[in-house]
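Fold and geometry: a report
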Amino acid sequence: MHYDPVLSKLLDGLSFQDIDNADDIVFALNAALEITYVNHGWIRFAENNGGDTVSERWSVGSRFMDAIPSFLRPFYREHFAKVFAENRPWEHQFECSSPDLFRRFHMLSYPLGEAERILVVNSLVQEDPHTEILCEPNEGLYRNQEGLVIQCCHCRRVRRNGLNQQWDMVPSWVAAIPPNTSHGLCYPCISYYYASSINADRGFPEPFQTREVN
Ligand SMILES: [Zn+2]
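Parameters and conventions
- Residues numbered from 1 in each chain as written.
- Predicted model: local features only at pLDDT ≥ 70, side-chain atom pairs only at ≥ 80, totals over all residues.
- Heavy atoms only, no water.
- Donors = N, O, S within 2.8 Å, 3.2 Å for Na, K, Ca; no water.
- Tetrahedral: all angles 85-135°; square planar, octahedral: opposite > 155°, others 65-115°.
- Helix = DSSP H or I, 4+ residues; strand = E, 2+ residues; numbered from the N terminus.
- Buried < 20%, exposed > 50% of the residue type's maximum accessible area, 1.4 Å probe, protein only.
- Core = buried A, V, L, I, M, F, W, Y, C linked by side-chain atoms within 4.5 Å.
- Domains from an automatic or database assignment.
- Phe/Tyr/Trp six-rings, centres within 6.5 Å; stacked < 30°, edge-to-face > 60°.
- Arc of directions from axis to C-beta.

Here we look at the coordination of the zinc ion
In the first shell of the zinc ion, the protein supplies Cys-152 (SG), Cys-155 (SG), Cys-186 (SG) and Cys-189 (SG), at 2.3 Å from the metal. For the zinc ion, the four donor atoms in the first shell make angles of 105 to 113 degrees at the metal, so the coordination geometry reads as tetrahedral. For the zinc ion, the single-chain donor residues occur in sequence as C-x2-C-x30-C-x2-C. Here Cys-155, found in the loop between β6 (149–152) and β7 (158–160), pairs with Cys-189, found in helix α8 (residues 187–193); they are 34 residues apart in sequence, far enough to count as distant. Overall, the relative accessible area of 0% leaves Cys-155 in the buried class.

What about the nonpolar core?
Within the largest apolar cluster, 38 residues are counted, with the highest numbers of intra-cluster contacts made by Leu-29, Trp-58, Phe-64, Tyr-76 and Phe-80. Ranked by the residues each element gives to this core, the list is headed by helix α5 (residues 73–86), at five residues. Of the residues that make up this core, three or more belong to each of domain 1 (5–129) and domain 2 (139–198). In terms of nonpolar packing, the next biggest core, distinct from the first, is built from 11 residues, Phe-16, Tyr-37, Leu-112 and Val-121 among them.

Let's talk about the packing of aromatic side chains
On inspection of all chains with the given rule, the structure shows 16 aromatic pairs. Relative to Phe-80, the ring of Phe-64 lies with its centre 5.3 Å away and its plane at 75 degrees, an arrangement referred to as edge-to-face. Highlighted residues: Phe-64 in the loop between α4 (52–57) and α5 and Phe-80 in helix α5, separated in sequence by 16 residues. What makes Phe-64 buried here is its relative accessible area of 2%.

Examining helix α3 (residues 40–48)
Along α3, the residues that are buried comprise Gly-41, Trp-42, Phe-45 and Ala-46. Each buried residue of α3 lies within a common arc of 135 degrees when the element is viewed along its axis, so the set occupies one face. Of the exposed residues in α3, the ones pointing more than 90 degrees away from its buried face are Glu-47 and Asn-48.

These results come straight from atomic positions and should not be treated as a statement about function.
Structure (structure tokens):
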């Protein structure tokens, strides 16, 4: 637990302890979108999903935008700015599947104070064993002519080489990202989770943007 006195003051009637002990994954951001607080639910999730790597990227004092892929940053920056400007919550859904489980979260971002904090509550809304066909890490099938594996940063499926519409779940590549993997967003994720942004003037999101290579 990391105590954030500003957050505690702003909660106004809500119990800091309840939030801290909640099963939901809760964190808080300041106006600069730096992480000022994470709860026990967050710590448990980090321990079960990547441990030190996750904890390091999402620790108190780090910047939210540094922890997410660059091409998702305009989306979050725009919506968090609106949370502050319009002083009302924003909700979003995202997937964070493991090699064994399909997982979907509902994310609610609440403005607190005079644009002092955003409290972000992530609730698990679906967790089921994968029902789709699970695929083997076949280099010939997935690595493209540039030598890259293209993984959707949202659902973590990988694109079949030469087939833009075909994205497969490869559990072993969810567990450990293969070398030379570039991240984008698949069409199903764009259509389902980011539909409101498809027609945005700024042209975000564009499918298959692959600006980062791990
Ligand atoms: Zn996807």
